[in-house]
Amino acid sequence: MEVIGKIIHVLPPQSGTSQAGNQWKKQEYVLETEDAYPKKICFDFFGDRVDQFPLKLGDRIRLSFDIESREYNGRWYTNIRGWKSEPADAQQMQQPAAPAPQAAPAPTATPDFLASDSSDDLPF
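This structure is a prediction, so every number in the text was calculated from the model and none was measured.

**Q** Help me out: how do you make sense of the pairing of strand S6 (residues 75-87) in this one?
**A** In summary, the side chains of a regular strand alternate between the two faces of the sheet. Of the strand pairs in this sheet, strand S5 (residues 60-72) and S6 are connected by 12 bridges, and their pairing is antiparallel. Within the sheet, the bridge partner assigned to glutamate 71 lies in S6 and is tryptophan 76. Connecting the antiparallel pair S5 and S6 is a turn made up of two residues, with asparagine 73 showing a positive phi of about 55°.

Take a look at the structure:
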């Protein structure tokens, strides 16, 4: 999934050690969409993506993300996990400009249906 918006909050980074002894880190951000009715979306980057996609307040980005829900003690929690971020205008810059549409050639002769014919038996 994708969304375009502006980073309005950068939350403190989080890190720790899993039960298996592996180090982890997570960085959360809040993005505000550019819709007619803007929405605020809290998302995170996890692991190596924290360093791969550093964002700062005010950045206008195109975020690619996945949504995942999980159950814990009878309650459900939903995460929006970013997997790619790029400047919002980057896709427009990468696409080549479309060629200008060409006008249709002008007709050289009068079409048959425009020529007046007295034998025409149509009432209109």
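**Q** Looking at this structure, I do not really get the pairing of strand S1 (residues 2-10). What am I missing?
**A** Sheet topology note: the S1/S5 ladder contains five bridges and is antiparallel. By the bridge assignment for S5, isoleucine 4 is matched with arginine 62. With five bridges connecting them, S1 and strand S3 (residues 23-33) associate as antiparallel partners. Bridging across to S3, valine 10 finds its partner in tyrosine 29.

**Q** Is there a simple way to explain the side chain of serine 64 in this structure?
**A** Its location among the elements puts serine 64 in strand S5. Setting aside its immediate chain neighbours within four residues, serine 64 contacts Met1, Glu2, Arg81, Gly82, Trp83 and Lys84.

**Q** Could you clarify how one ought to interpret the pattern of salt bridges in this entry?
**A** Pairs can form between side chains of opposite charge once their charged atoms are near each other. Taken as a whole, this structure holds nine salt bridges when the rule is applied. Of the charged contacts, one joins glutamate 34 and arginine 60 as a salt bridge, the two residues approaching to 2.6 Å between their closest N and O atoms. Placement of the pair is glutamate 34 in the loop between S3 and strand S4 (40-46) and arginine 60 in strand S5, with a sequence separation of 26 residues. Relative accessible area serves as the criterion here: at 42%, glutamate 34 is assigned to the partly exposed category. Take arginine 60: its relative accessible area is 37%, and that puts it in the partly exposed class. Between arginine 62 and glutamate 86 there is a salt bridge, and its shortest N-O distance comes to 3.8 Å. With arginine 62 in strand S5 and glutamate 86 in strand S6, the pair connects residues that are 24 residues apart, well separated along the chain. Overall, the relative accessible area of 12% leaves arginine 62 in the buried class. Through salt bridges that share partners, Glu2, Arg62 and Glu86 make up one connected network.

Reading the values: the criteria
Residues numbered from 1 in each chain as written. Predicted model: local features only at pLDDT ≥ 70, side-chain atom pairs only at ≥ 80, totals over all residues. Heavy atoms only, no water. Pairing = 2+ DSSP bridges. Helix = DSSP H or I, 4+ residues; strand = E, 2+ residues; numbered from the N terminus. Contact = heavy atoms within 4.5 Å. Salt bridge = Lys/Arg side-chain N within 4 Å of Asp/Glu carboxyl O. Buried < 20%, exposed > 50% of the residue type's maximum accessible area, 1.4 Å probe, protein only.

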